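# Structural characterization, general
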Amino acid sequence: MWRTGILLLLWVRLASGELQHETEPRRLPPPGKLDFGYVPAGVYETLAHYEPGPIGILFHMVHAFLYVVQPNAFPQDLIVRLAKDKFGAIQTEYQKPENIVLTLQAIYYEIGFLVCAAVGLLFAILMPIAGLFFCMCRCCDNCGGEMHQRQRKNADCRRGLLGTLLFSTSLVITIGVLCAYAANQNLSSQVKNIRRLVNSNMRDLHTFANDTPMQIDYLISQYATAKNKVIYDLDNIGPLLGGRIHEQLDKEVRPALDRVLNMAGAMRETKEALENVSVGLEVLKEGTGKLNFNLSLVRTSINRTLNDPGCHDEESDATTAQLCRNIRQSLSQLQISANFTRLPKVNPQLENVNEVLKTDLSAIVQRGFSSLNDTPHMVIEQTRSVVETVQGLVDGIGNNISSFSKVFPVQSCLSNFTIFISHAHAKIEDHYPEIDQMDFYRWIGCIALCCMVVLVLAFNYLGLLCGTLGYDKHASPTTRGCISNTGGTMLMAGVGFSFIFSWVLMGLVTIIFLVGGNMEKLICEPFHSTEIFKVVDTPYLVNPEWKNFIPGYMYNDSDLELTAESLYSTCKENKGIYSAMRLDKVFNISSYLNTTVLTKDVVGQLDSVKIDLRGIILLEAEGKQNLLDFSEAGLSEINYADYLEEVNKGVTVMDLLSFARELEAQTDLMPRGALQTALKGHISTLRQIHSQQIIPMEQAMKYVRARSALNQSMRFLERTASDLPNKVLAVLDAIEAAQYLISQNATHLINRETGKFTATITGYFHQYIEWVKSSLALEVAPCKPFSNMVDTAEIITCSFLVDSMNTFWMGLGCSTLFLLPSIILAVKLAKYYRRMDTEDVYDDIETIPMKTMEIGNNGYHSEGPQGIPNPMMTSIPTYDTMNRFPRASAPPRHIDW
């Protein structure tokens, strides 16, 4: 039942989910990536992580010790072979070589545990035997059982050393007991956390079951996002599809229209240039005409003056005659240089251009641009019926998406899964009292084991305390006080209890060590390193016919790549259960949400779109004729060379001042008289003309601008008129080519852009379907609770139970081992605390005078009162110990001191 619930849980709401239609469709951005938001995710409260706290130090110590005991790698192959064999052939056919090798491999892996177990068993067996023989030996007054103590000079040192060693050993035992007690308490406290962990895991499973339908609803509802975007693009097919077509056509058409528009501008500039030429020519003709008239008068006057008889009398004055001839020859330079009167007017060309400009070519071009820019509107009008049909198909796709989920009746399976969780939780709750009771009994048992060691420690500490406090250095072994004797007795009692308890403790420690150590090495460590999953995922391990047992059990397809490790790791990453458990084997979302199938009709309708752009007229016939008229305006008939030649000339052929200075120099060479005086007058006239006419003409803005405008305008007109008819024909050819492109060859462009628009529309569906698939794999029904359950089981087993159990046997085992030196030290130390029956008495002539013994200063407390002689001391010889103390041994020789 649980398997079916898990398989169909993901699709529970598909049975009842309906598309949620938005009453007010939101305005979406231009074509691009859709934003479907975030799938609402449930919050899982289980934190499958355990921090042991301070006791973790002890856990690490145990792990280190186990690594020393068992450093071998995890025996994956060995376990797989044993699991496949099920231990049957090894038991029944042990003599086979392969079974012997397998057994030796197992022994080699367990050699550390076996050695430690052997030591523990040897300890548990020998300790009661040793205790029995020890008791028998002491009953025979041997092994320290004789109540007689031989005196030595280093007795105090030996006693102090033994006491210190026993105290140190007891401290080690105490630490071990505390570690065992801490582990016992930790296990009991963690058992109480089991209920919290289990409850949180169960709540997470309920969250998983409750949130999954909401997530499925969200996936279905987000179809509205794709749908609204599709409808938005269909409603704006003019700007989108028509805009793309216009953009592509504009790249080819705009340059041709721009050339026509440039030609219209050239017409206006030509008119302005012709007007500037006409005005400038009149201004320059006016200025140069007056100057030419004045210079002609001066030249005539000088010629009349040179007709003076003095200029012809070569016999009387040859120099003057020569000067006159030179002056007459230079008079040809006394005239204007630029003769603008000889230039023809441009009025005919200006009239032709004005006639051309009566037609507004720019307005005609703008109408062409407007016709081209009207492409989106033409697309809207020609695709209206297709858009309405596609919008209806979009609604139908939404109905298909919401209805295909009804194929699977999963609602009942979800209910069964939820009931299964509740029943499982209830059964677990029923076992809590039994768990608590078992833990209480375990706690009592562990406390009893600790109390065994504590009892020995109590006798050791009390013995050391009483022996130390009750010791009197002046008392002889036979006269020791009651407290000191009690201390020695307690030490011996501790020895007795050590023999009684130690073998029991060691036996239990060995058993717990074997169980806990192997669980740590064979379960816990392989789980952390994921090696245990490799064992579980071994092909044909669980069933000889199944390569992978999980898909073989769930889907009856063992070849499917679904392993325990992949399932655990995928859920650990909190991915969706659809991808984790390969639910596509049961419900293949790709076969139901197939973009090609769902959008087949939409694509068919959009492919049937036919757009006719023959209504776009780029340049009307009037505009074409206007261009031809402009090319025939007569601009090529203007003699631009003559104009530019006259413009570039100076005002006069020779500078008047220079001419006047030369004339004055020649005049000064003539003899004084009427001729010289007349020429002086002409020189003055020339200077006056230069100052009153030429200088103002060169400086006046009117003439400067006229000359500059004439120069620039003629150069512009020359450039414009250069090959003007061919230029106009090239413009007209470009317009015709662009018009032909729109009218005849735009089909390929339209089909290409329509295909892109169709791809954009279907791309929205594709984005939605891919988002659904991705969300199913990563966000919907995240299976973290299932990996948390495995982690929780690992925490309870390894962190709570195994680590505490191992720490317990480590502490208790350490204490038990140190009971052995504690026994030895306690037996030896008890001799120095207990009251003896006999003691050594002797005279040392060389070192201890007899006189000092008589007065009681021989190292022992004198039993007789001071000043009263002791008859026994005086009557019995010093070395006659057999008579004074019948059980005393012979005194030591001096060499033994």
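Conventions and cut-offs
Residues numbered from 1 in each chain as written. Predicted model: local features only at pLDDT ≥ 70, side-chain atom pairs only at ≥ 80, totals over all residues. Heavy atoms only, no water. Disulfide = S-S within 2.5 Å. Helix = DSSP H or I, 4+ residues; strand = E, 2+ residues; numbered from the N terminus. Buried < 20%, exposed > 50% of the residue type's maximum accessible area, 1.4 Å probe, protein only. Contact = heavy atoms within 4.5 Å. Axes fitted to C-alpha atoms, helices over the stretch in contact; angles between N-to-C directions. Parallel < 35°, antiparallel > 145°, perpendicular 65-115°, else oblique. Nonpolar A, V, L, I, M, F, W, Y, C, P; charged D, E, K, R; others polar. Expected span 1.5 Å × (residues − 1). Arc of directions from axis to C-beta. Salt bridge = Lys/Arg side-chain N within 4 Å of Asp/Glu carboxyl O.

This part covers the state of the cysteines. Here, the word disulfide means a covalent bond between the sulfur atoms of two cysteines. Taken as a whole and assessed by the stated rule, the structure comprises two disulfides. Two residues, Cys-524 and Cys-798, share a disulfide whose sulfurs are 2.0 Å apart. In this structure, the disulfide formed by Cys-524 and Cys-798 twists by about -95 degrees around the S-S bond and is classed as left-handed. Here Cys-524, found in helix α16 (residues 482-528), pairs with Cys-798, found in helix α31 (residues 784-833); they are 274 residues apart in sequence, far enough to count as distant.

This part covers the side chain of Thr-538. Here Thr-538 shows up in the loop between α17 (531-536) and α18 (549-554). You can call Thr-538 buried: its relative accessible area is 14%. With residues up to four places along the chain from it excluded, the contact list for Thr-538 reads Val-80, Lys-84 and Lys-547.

The next point concerns the packing of helix α7 (residues 155-221) against helix α8 (residues 223-235). Remark: α7 packs on α8, axes separated minimally by 4 Å, with the N-to-C direction vectors making an angle of 5 degrees. Taken together, the axes of α7 and α8 are roughly parallel relative to one another. Taking contact as the criterion, the partners of Leu-219, Ile-220 and Ser-221 in α7 are, on α8, Tyr-223, Ala-224 and Thr-225. For the contact of α7 with α8, the class distribution of residues is four nonpolar, two polar and no charged.

To continue, consider the environment of Phe-499. Within the fold, Phe-499 resides in helix α16. For the pair Phe-499 and Leu-820, spaced 321 residues apart in sequence, the C-alpha to C-alpha distance is 8.9 Å. Sequence-distant contacts of Phe-499, defined by excluding residues within four places in its chain, comprise Met-127, Ala-130, Gly-131, Phe-134 and Ile-823.

Attention now goes to the packing of α8 against helix α30 (residues 746-778). Running from N to C, α8 and α30 cross one another at 170 degrees; their axes reach a closest spacing of 8 Å. By the angle between their directions, the pair α8 and α30 is classed as roughly antiparallel. In contact with Tyr-223, Ala-226, Lys-229, Val-230, Asp-233 and Leu-234 of α8, α30 contributes Phe-757, Thr-760, Ile-761, Tyr-764, Phe-765 and Tyr-768. Tallied by class, the residues present in the contact of α8 with α30 amount to nine nonpolar, one polar and two charged.

Here we take up helix α14 (residues 384-403). Helix length check: α14 (20 residues) gives 29 Å between terminal C-alpha atoms against 28 Å at 1.5 Å per residue, within 8%. Taken residue by residue, α14 has Val-386, Val-387, Val-390, Val-394, Ile-397, Gly-398, Ile-401 and Ser-402 as its buried positions. All buried residues of α14 fall inside an arc of 155 degrees around its axis, so they share one side.

On inspection of all chains with the given rule, the structure shows 15 salt bridges. With a shortest N-O distance of 3.0 Å, Asp-233 and Lys-229 are connected by a salt bridge. Residue Asp-233 and its partner Lys-229 are located together in helix α8, separated by four residues, close to a single helical turn. As far as the burial class goes, Asp-233 and Lys-229 line up, both buried. Between Glu-736 and Lys-624 there is a salt bridge whose closest N-O contact spans 2.4 Å. Taken together, the residues Glu-736 in helix α29 (residues 724-743) and Lys-624 in helix α24 (residues 621-631) connect sequence positions 112 residues apart. The exposure class of Glu-736 is partly exposed, given its relative accessible area of 38%. Three or more residues are tied together by salt bridges with common partners; here these are Arg-752, Glu-753 and Lys-756.

Attention shifts here to the environment of Glu-718. Residue placement: Glu-718 occurs in helix α28 (residues 701-721). Accessibility expressed as a relative area gives 36% for Glu-718, which makes it partly exposed. The spacing of Glu-718 and Ile-638 is 80 residues in sequence and 8.5 Å in space, taken between C-alpha atoms.

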